[in-house]
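Secondary and tertiary structure notes
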Amino acid sequence: MLVTILIVIATIIILLLLIAAAMPKKYSLSSTTVVNRQQAEVFEYIRHIKNQERYSKWVMADPNVDLVYSGTDGEVGFISTWKSKDKNVGEGAQEIIKVFPGNGYEVEIRFEKPFKGTSYAVAKTEAISGNQTKVTTTFNTSMPFPMNAMAPMMKKMLLRDMDETSSNLKKQLEQ
């Protein structure tokens, strides 16, 4: 009986490792919304990281999060750090590493807790018409082997949160 249980456990572990070996370690997710505002207005709003306090699912997850800002918001080198007692929020920082004038920006996100890691996010705006702007946010990250076996579940959760953030942004700007 004990041997059978050990064989089953070993088989499950080997199967999970084989699945992880076959799965990519890097992935990219995108969320898009259309905001009924002019592109210049939308870009000016999203490029300021402090505005995420009003629409980001993650920033708003803990009303008691400790946010510290340094540098000039909306410009390369601006850093936003967060620290929360809520394990789902954790600790980390995001830094603007590129600005695409009139169009978007890229941030490097450095997670410290509950896990260490570095990811990148790009937010871009595109005029659809005079008063409509498409906003696309792309999140690029990686998961080391064998944790990458959990990527499908993580991608689903992240995409849901990204879509909620996009929806919040649309509501905020269309008020």
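1. What to know about the nonpolar core
Soluble globular proteins tend to bury their nonpolar side chains together. Counting 27 residues, the largest nonpolar core has Ile46, Tyr105, Val107, Ile109 and Leu169 as the members making the most contacts within it. With five residues, helix α3 (residues 151–174) is the largest single contributor of residues to this core.

2. Let's talk about the packing of aromatic side chains
Each aromatic ring pair is characterised by the separation of its centres together with the angle its planes make. Applying the stated criterion across every chain yields a total of four aromatic pairs. With centroids separated by 6.1 Å and ring planes inclined at 75 degrees, the aromatic side chains of tryptophan 82 and phenylalanine 111 adopt a geometry described as edge-to-face. Within this pair, whereas tryptophan 82 is found in strand β3 (residues 79–83), its partner phenylalanine 111 is found in strand β5 (residues 104–113), the two being separated by 29 residues in sequence. We classify tryptophan 82 as buried; its relative accessible area is 15%. Members of the aromatic cluster, joined through ring pairs, are Trp82, Phe111 and Phe115. When the ring centre of phenylalanine 100 is taken as origin, the NZ or CZ atom of lysine 124, which lies over that ring, is 4.4 Å away.

3. Comments concerning the sheet that holds strand β4 (residues 91–100)
Spatially, seven strands are ordered β1-β7-β6-β5-β4-β3-β2 in an open sheet, and the strand pairing comes out antiparallel. Only two strands of the sheet have a single partner each, and these edge strands are β1 (26–35) and β2 (66–70). Shown here is a sheet whose adjacent strand axes are inclined to one another by a mean of 20 degrees, direction ignored. Along the sheet, helix α2 (residues 39–46) makes contact with β1, β4, β5, β6 (117–129) and β7 (132–142), crossing β6 at roughly 160 degrees. On top of the sheet, α3 reaches β1 and β7; it is set at about 20 degrees to β1, its chief contact.

4. Overview of α2
The periodicity of an α-helix, 3.6 residues per turn, causes residues three or four places apart in sequence to face the same way. Here α2 has its buried residues at Val42, Phe43, Tyr45 and Ile46. Down the axis of α2, the buried set is contained in an arc of 165 degrees. They therefore lie on one face. The inward-facing, buried residues of α2 contact β1, β4, β5, β6, β7 and α3.

Reading the values: the criteria
Residues numbered from 1 in each chain as written. Predicted model: local features only at pLDDT ≥ 70, side-chain atom pairs only at ≥ 80, totals over all residues. Heavy atoms only, no water. Core = buried A, V, L, I, M, F, W, Y, C linked by side-chain atoms within 4.5 Å. Buried < 20%, exposed > 50% of the residue type's maximum accessible area, 1.4 Å probe, protein only. Helix = DSSP H or I, 4+ residues; strand = E, 2+ residues; numbered from the N terminus. Phe/Tyr/Trp six-rings, centres within 6.5 Å; stacked < 30°, edge-to-face > 60°. Lys NZ or Arg CZ within 6 Å of the ring centre and 35° of its normal. Pairing = 2+ DSSP bridges. Axes fitted to C-alpha atoms, helices over the stretch in contact; angles between N-to-C directions. Contact = heavy atoms within 4.5 Å. Arc of directions from axis to C-beta.

Note that every value here comes from positions in space, so none of it alone points to a role or purpose.
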